[in-house]
Amino acid sequence: MCVVVQSTLLNKVTKTHSESASYEFTTLTCIPGVIEYNGSNIQLLDLPGIIEGAAAGKGRGRQVIAVARTADMILMMLDATKGEVQKELLTKELEAVGIRLNCRKPNIYFKPKKGGGLSITSTVPLTHLNDKLINLILHEYKIFNGELLFREDATADDLIDVIVGNRIYMRCVYCFNKIDCVSIEEVDRLARLPHSVVTCCELDLNMDGLLELIWEYLALVRIFTKKRGSPPDFEDGIILRRGATIEHVCHAIHRQLLSSFKYAVVWGASTKHSPQRVGLSHTVLHDDVVQVIKK
């Protein structure tokens, strides 16, 4: 798992030292660090700050954003004393290079063809688009043959994103730092914004809440294993993506375990009663205990 962060936070939560000072843009290159949380190793990347026009290449902005595109999520470190100005500026720069923050991919099916003209259908009423605008956008990208199916009330920007096909949809947490420099009313307002958390790295304020939110946005779960006749191994958990099943647990334990799998016994929040006997398709939840029974 990889997360993009800022120097002061990197120094606080990892053993890596990144140059930080009371002025901006102290980081000039990418500095990696690793944080241990809930038994997992999460890689943090401290990237140089980007400025207005970074998408066009100013301040080595393209190189910085190229690294951000490969991360699992972005942690946007913002100055609480400047309100939401930095947030809007950085979001605009990231959107200019095809990074969509806290958005899901539009539910639009598009398949270009070599002939046969355009087939445009929708399963829901379109309030933002009409046939004339859709054809205009398709012709702008020199698409004259293909199949297009709208499964949601999409906008023109959504259609363009699907046609271009190189957009990255990424989770992002907006972290407002230096809350000790603003009023309690402003802290309360910033904390209530969507996808936001307030901290003060200098005074270690709300650092646990920040790490918990990072874990949640990475969509990770920790699973413990248990041998027959022995207590669960709570020292060494297995880290999986949210939505993982018993099949994924078997793969994580050993790649040949599936061939001798009989059933599994699970204790935890994912069961109707503990313990419960389950099959490979059972979805596990955070802190479940799993015992695999072989043939």
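Note: the structure precedes this text.
To start, this report covers the structure provided alongside it. From a predicted model like this one, the values you see are computed outputs, not experimental measurements.

Conventions used here
- Residues numbered from 1 in each chain as written.
- Predicted model: local features only at pLDDT ≥ 70, side-chain atom pairs only at ≥ 80, totals over all residues.
- Heavy atoms only, no water.
- Buried < 20%, exposed > 50% of the residue type's maximum accessible area, 1.4 Å probe, protein only.
- Helix = DSSP H or I, 4+ residues; strand = E, 2+ residues; numbered from the N terminus.
- Contact = heavy atoms within 4.5 Å.
- Pairing = 2+ DSSP bridges.
- Axes fitted to C-alpha atoms, helices over the stretch in contact; angles between N-to-C directions.
- Phe/Tyr/Trp six-rings, centres within 6.5 Å; stacked < 30°, edge-to-face > 60°.

Those residues of helix 5 (residues 156-164) not exposed but buried are Leu 159, Asp 161, Val 162 and Ile 163. Tucked inside the fold, the buried residues of helix 5 contact strand 5 (99-101), strand 6 (108-112), helix 4 (131-140), strand 8 (146-150) and strand 9 (168-177). Phi for Gly 165, located one or two positions after helix 5, is positive at around 80 degrees.

To continue, consider the pairing of strand 11 (residues 220-225). Where burial is concerned, most of strand 11 is hidden: five out of the six residues are buried. Here five bridges tie strand 11 to strand 12 (residues 233-241), and the two strands are oriented antiparallel to one another. In the sheet register, Thr 225 faces strand 12, and the bridge partner there is Asp 233. In this structure, strand 11 lies alongside strand 15 (residues 288-294), joined through three bridges in parallel fashion. Across the sheet, residue Ile 223 finds its bridge partner in strand 15, namely Asp 288.

We now examine the sheet that holds strand 6. Here we have three strands laid out as an open sheet, ordered 6-8-7, and mixed in their pairing. The sheet is open, and its two borders are formed by strand 6 and strand 7 (118-122), each paired with just one other strand. Strand after strand, the sheet turns through a mean of 5 degrees between neighbouring axes, direction not considered. The sheet contacts of helix 4 involve strand 6, strand 7 and strand 8, and relative to strand 7 the element is tilted by about 135 degrees. Of the strands in this sheet, strand 6 and strand 8 touch helix 5, which is tilted by about 45 degrees from strand 6.

The next subject is the packing of aromatic side chains. The geometry of two aromatic rings is summed up by the distance between their centres and the angle between their planes. Counted under the stated rule, the structure contains two aromatic pairs. Relative to Trp 215, the ring of Tyr 37 lies with its centre 5.9 Å away and its plane at 65 degrees, an arrangement referred to as edge-to-face. One end of the pair, Tyr 37, is in strand 2 (residues 31-37); the other, Trp 215, is in helix 7 (residues 207-217), with 178 residues separating them in the sequence. Measuring from centroid to centroid gives 5.0 Å for Phe 224 and Phe 234, while their planes differ by 75 degrees, and the two rings are edge-to-face. Of this pair, Phe 224 sits in strand 11 while Phe 234 sits in strand 12, placing them 10 residues apart in sequence.

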